[in-house]
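# Structural description and commentary
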Amino acid sequence: MAAITAALVKELREKTGAGMMDCKKALNEANGEIEGAIDWLRTKGLAAAAKKSGRTAAEGLVGVASEDKKAAMVEVNAETDFVARNEAFQNFVEAVAKVALKTGEDLEAIKAATLESGRTVADELTHLIATIGENMSLRRARVFTVPSGVVATYVHGALRPGLGKIGVLAAIEAPTADDAIENLGRQVGMHVAATRPSSLDVSSLNPEEVERERAVLIEQARASGKPEAIIEKMIEGRIRKFYEEVVLLEQVWVHDGETRVKSVLEKAGVKLVGFDRFHLGEGIEKEADDFAAEVAKVSGV
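Residues numbered from 1 in each chain as written. Predicted model: local features only at pLDDT ≥ 70, side-chain atom pairs only at ≥ 80, totals over all residues. Heavy atoms only, no water.

### Describing helix 10 (residues 228-246)
The criterion, for reference: Strands are runs of DSSP state E lasting at least two residues, helices are runs of H or I lasting at least four, and both sets are numbered from the N terminus onward. Between the first and last residue of a helix there are one fewer steps than residues, each counted as 1.5 Å, and that sum is the expected span. Only protein chains enter the calculation, and the probe is 1.4 Å; a residue is then buried if its accessible area is under 20% of its type maximum, exposed if over 50%, and partly exposed in between.
Over its 19 residues, helix 10 runs 26 Å from end to end, which matches the ideal 27 Å to within 8%, given 1.5 Å per residue. Those residues of helix 10 not exposed but buried are Ile231, Met234, Ile235, Ile239, Phe242, Tyr243 and Val246.

See below:
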């Protein structure tokens with residue numbers, strides 16, 4: 001039996017895109033011969049994964065997992081919505097969320113973690129790509145921890161508990177972590193899912209975003225022909241309105257349509273210290289299918 005070195009496994013991975021454990025097994029089956037190992041991977045459908053890596057993956061699932069004073073959220077993408085309903089894919093997303101809960105939000109650390117199957121997260125993903133036949137990727141992860149209180153989770157339109165297309169984490173510091181605080185955290189999650197705030201408070205809002213908005217408002221105000229002193233007051237009023245639209249604590253609570261979010265939290269005696277919202281595929285440029293162009297290409301027109 002030929003010695004299966006790390007360099008040999010690496011070479012096979014680069015040639016096929018298959019997972020590390022699968023490459024090692026293939027080399028053992030082929031007595032250390034690269035070409036024989038490639039053929040073995042091809043017969044198992046594992047070498048095909050690399051060919052799919054360039055295809056756009058903007059569907060999939062957002063998954064959340066939580067434990068005492070801590071919660072994690074991940075986004076795993078696939079090419080079609082159909083895959084999101086695949087039980088093996090759902091199980092994988094659940095497992096990755098639980099891994100993030102233990103390892104943190106660093107993607108490389110998550111990918112290197114070992115699952116119950118004995119494969120790493122990265123290798124399990126490659127295995128799924130080969131098995132299901134679509135490109136997939138672990139896109140992002142977020143983890144929150146609080147010293148006292150709760151990190152509430154909310155998933156909008158869940159396919160099953162903890163899995164859906166929109167996920168929210170809301171970290172709330174509170175003296176206790178009773179049912180009332182849990183319920184408030186879930187309500188915050190629902191609010192964030194609906195309103196898509198840009199930041200927690202005014203101080204954490206991106207200055208560039210504020211200046212961009214201010215520039216637009218100045219041009220609009222000047223078009224009115226009013227004096228500069230009046231324009232300045234108009235701008236300040238409109239900037240306050242802008243904050244009310246994009247800053248979470250300044251927004252109107254969706255659950256009553258009247259109270260500010262910051263007032264709701266103050267009344268409950270708690271502090272919202274962080275939040276994040278994952279909307280599946282957000283920011284990924286999807287390829288538009290042009291069936292007529294595809295037919296023309298195939299037919300040589």
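Moving on from the coordinates now.
### As for the sheet that holds strand 7 (residues 271-279)
Quick reminder of the rule: When DSSP finds two or more bridges between a pair of strands, those strands are recorded as paired. Axis definition: a line fitted to C-alpha atoms, limited for helices to the stretch in contact. Angles are taken between N-to-C directions and run from 0 to 180 degrees.
Ordered by their spatial adjacency, 3 strands build an open sheet running 4-6-7, and the pairing between neighbours is antiparallel. Looking at the sheet topology across the chains shown, the edges are occupied by strand 4 (149-156) and strand 7. Taking the axes of each pair of neighbouring strands and ignoring which way they run, one obtains an average angle of 10 degrees across the sheet. Pairing between strand 6 (residues 166-173) and strand 7: 8 bridges, direction antiparallel.

### A short note on unusual backbone geometry
One non-glycine residue with positive phi stands out, namely Lys69, at about 65 degrees. In this structure, Lys69 sits in the loop between strand 1 (59-67) and strand 2 (70-78). Here Lys69 falls in the partly exposed class, since its relative accessible area comes to 29%. Residues other than glycine seldom take positive phi values, yet Arg196 does so here, at roughly 55 degrees.

### Quick look at the packing of aromatic side chains
We count it as follows: Two rings belonging to Phe, Tyr or Trp (six-membered ring only in the last case) form a pair when the distance between their centres is within 6.5 Å. Interplanar angles under 30 degrees mark stacking, angles over 60 mark edge-to-face geometry, and anything in between is tilted.
Under the counting rule described, the total for this entry stands at 1 aromatic pair. A centroid spacing of 6.2 Å and a plane angle of 45 degrees characterise the contact between Phe242 and Tyr243, whose relative ring orientation is tilted. Given the relative accessible area of 6%, Phe242 is considered buried.

### Some thoughts on the environment of Ser66
Definition in use: It only takes one pair of heavy atoms within 4.5 Å for two residues to be counted as in contact.
Tracing the sequence through the fold places Ser66 in strand 1. Those residues in contact with Ser66 that lie beyond four places of it in its chain are Ala71, Leu101 and Thr153.

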